[in-house]
Amino acid sequence: MAGLAEVLARPSLEVAPALLGATLRHRTPEGEVAVRLTEVEAYAGADDPGSHAYRGVTRRNEVMFGPPGRLYVYFTYGMHHCCNVVVGTEGTASAVLLRAGEVVEGVELARSRRPGSSDRDLARGPARLCKVLAIDGRHNGAELSSGDLTLTPEDPVPAEGVATGPRVGLRDAADHPWRFWLRDDPTVSTYRPAAPLRRRRTPPA
DNA sequence: AGTTTGATTGGCT
DNA sequence: GCCAATCAAACTC
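What you see is a predicted model; the values in this text were computed from it and never measured.

## Brief notes about the protein's contact with DNA strand B
So, point 1. Contacts to DNA strand B come from 25 residues, most closely from Tyr74, Asn84, Arg114, Arg128 and Arg171.
So, point 2. The protein-proximal atoms of DNA strand B, defined as those within 4 Å of the protein, are 48% sugar or phosphate.
So, point 3. Note that a phosphate oxygen of DNA strand B is positioned 2.8 Å from one of the side-chain N or O atoms of His52.
So, point 4. Within the backbone of Ala127, one N or O atom sits 2.9 Å away from a phosphate oxygen of DNA strand B.
So, point 5. Residues that form the surface near DNA strand B fall into these classes: 11 nonpolar, 7 polar and 7 charged.

## With respect to the pattern of salt bridges
So, point 1. As enumerated under the stated definition, the model contains 14 salt bridges in all.
So, point 2. With a closest N to O distance of 3.0 Å, Arg25 and Glu32 form a salt bridge.
So, point 3. Its relative accessible area of 16% is what places Arg25 among the buried residues.
So, point 4. One salt-bridge network, held together by shared partners, links Arg25, Arg27, Glu32 and Glu105.

## Notes on helix α4 (residues 126-133)
So, point 1. Within the sequence span of α4, burial applies to Pro126, Leu129, Cys130, Val132 and Leu133.
So, point 2. Check the buried side of α4 and you find it contacts β1 (23-28), β2 (31-43), β4 (80-87), β5 (94-105) and α3 (107-113).
So, point 3. In the segment just after α4, Ala134 is the residue with positive phi, at about 55°.

## What about the pairing of β2?
So, point 1. Across the 13 residues of β2, 10 count as buried, placing the element largely inside the fold.
So, point 2. Where β1 lies against β2, 6 bridges are found, and the strand directions are antiparallel. Directly across from His26, in β2, lies its bridge partner Val33.
So, point 3. By the bridge criterion, 9 bridges tie β2 to β5 in an arrangement that is antiparallel. Counted as the bridge partner of Arg36 is Glu102 from β5.
So, point 4. The sheet contact formed by β2 and strand β8 (residues 179-182) spans 3 bridges and is antiparallel. Within the sheet, the bridge partner assigned to Val40 lies in β8 and is Phe180.

## Observations concerning the nonpolar core
So, point 1. One finds Leu19, Val35, Leu98, Ile135 and Leu151 to be the most contacted residues of the largest nonpolar core, which totals 39 residues.
So, point 2. Among the elements that line this core, the one with the most residues is β2, at 5 residues.
So, point 3. Among all residues touching Ile135, those that are not within four sequence positions of it are Leu24, His26, Leu71, Val73, His81, Cys83, Cys130 and Leu149.

## A few points about the packing of aromatic side chains
So, point 1. Within this structure, the stated rule accounts for 1 aromatic pair.
So, point 2. In this structure, Arg167 packs its charged tip against the face of Tyr43, placed 4.6 Å from the ring centre.
So, point 3. When the ring centre of Trp181 is taken as origin, the NZ or CZ atom of Arg179, which lies over that ring, is 4.4 Å away.

Quick notes on the rules
Each chain has its residues counted from 1, running along the sequence as written. Numbering of ligands from 1 and lettering of chains from A proceed in the order in which they are written. The predicted origin of the model limits local features to residues at a pLDDT of at least 70 and limits the giving and counting of side-chain atom pairs to 80 or more, whereas totals for whole chains, interfaces and linings rest on all residues. Excluded from the side-chain calculations are hydrogens and water; all other atoms, namely the structure's heavy atoms, are used. A molecule or strand has a residue near it when one of that residue's heavy atoms lies within 4 Å. For this analysis, a polar contact is any N or O atom pair within 3.5 Å, provided that within protein one partner can donate a hydrogen and the other can accept it, and provided that sequence-adjacent residues contribute only side-chain to side-chain pairs. Think of it as three bins: nonpolar holds Ala, Val, Leu, Ile, Met, Phe, Trp, Tyr, Cys and Pro, charged holds Asp, Glu, Lys and Arg, and polar takes everything else, Gly as well. Salt bridges are identified by distance alone: a Lys or Arg side-chain nitrogen within 4 Å of an Asp or Glu carboxyl oxygen. Accessibility here uses a 1.4 Å probe with only protein chains present; expressed as a share of the type maximum, an area under 20% marks a residue as buried, one over 50% as exposed, and anything in between as partly exposed. Only DSSP runs of H or I with at least four residues qualify as helices, and only runs of E with at least two residues qualify as strands; both kinds are numbered from the N terminus onward. Two residues form a contact once any of their heavy atoms are found within 4.5 Å. A strand pair is defined by DSSP finding two or more bridges across the two strands. Grouping buried Ala, Val, Leu, Ile, Met, Phe, Trp, Tyr and Cys residues that are joined through side-chain atoms within 4.5 Å yields what is termed a nonpolar core. Between 30 and 60 degrees the pair is tilted, below 30 it is stacked and above 60 it is edge-to-face, where a pair is any two Phe, Tyr or Trp rings, Trp via its six-membered ring, whose centres lie within 6.5 Å. In our convention, an over-ring charge means Lys NZ or Arg CZ found within 6 Å of a ring centre and within 35 degrees of that ring's normal.

Shown next as C-alpha cells:
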C-alpha cells in the first residue's frame, strides 16, 4: 500500500477513487471513531465551476490553496459541516469531498453522536460523516496523520468495484462524473440532483 | 447594506 | 415528495 503523501499528491480525479476503502480515524478524549470511506467527490480547483475555489481565494477556502494532506472543513446550511482532503500540489486548490463511509470502529461513540440513526446511516452523507467523527470548523486546516486525525490508505479497489456518476447537489458543472463510490455498498448516500430554486419565503404584500 | 443561496439533513404529507 | 432550519459567503444594488 502506498504512503499517504504519495497518494494525495496526484490530481483530485485520480486521488478520489484511490481513497475509496481508506480509513479516516479521529481520536478524542471520549474515544475513537474510524470510518471506511465508501463515497467521495473530486473537486478540480480554480477551473472547476462546482468548486468553492472557483472564484479565487477567500477566507473560507484558503486551506484548499495550501499544501495537500490537510482537511478543508466548511460550514453550510447554517448547521452542517462537510470535510474535504486537500490533494494535488500546493496552489492547485483541488480537493476530495468525503461524502460517506461505514463506521468500522467506535460504533457506540458514533451512535451517541447521532442518536436515533441506524448504523447504516451513521456516516451516510457528508455532514453525517463529519458528525460521527466529531469534525467541525476547528479542524479546518488540520494536517492528517500528524495529530488526532489519521487517514490510512488501502490498496486500490478493483475498477469493477468502483462506480462513478455526477456530483451531488451542484447546479454548475454537475455533468462531470466526478463522484466515486463502492458499487453496491449500503452506506453510499442516495443521489439527489441539485435543489431546485427554493420558493421565496418573502410573503406577498 | 440588503438579499439570496447553499458540496444538507430530518421531519412531515 | 415537499419543506424548514439557520448562518456565512456570495451576489446585487
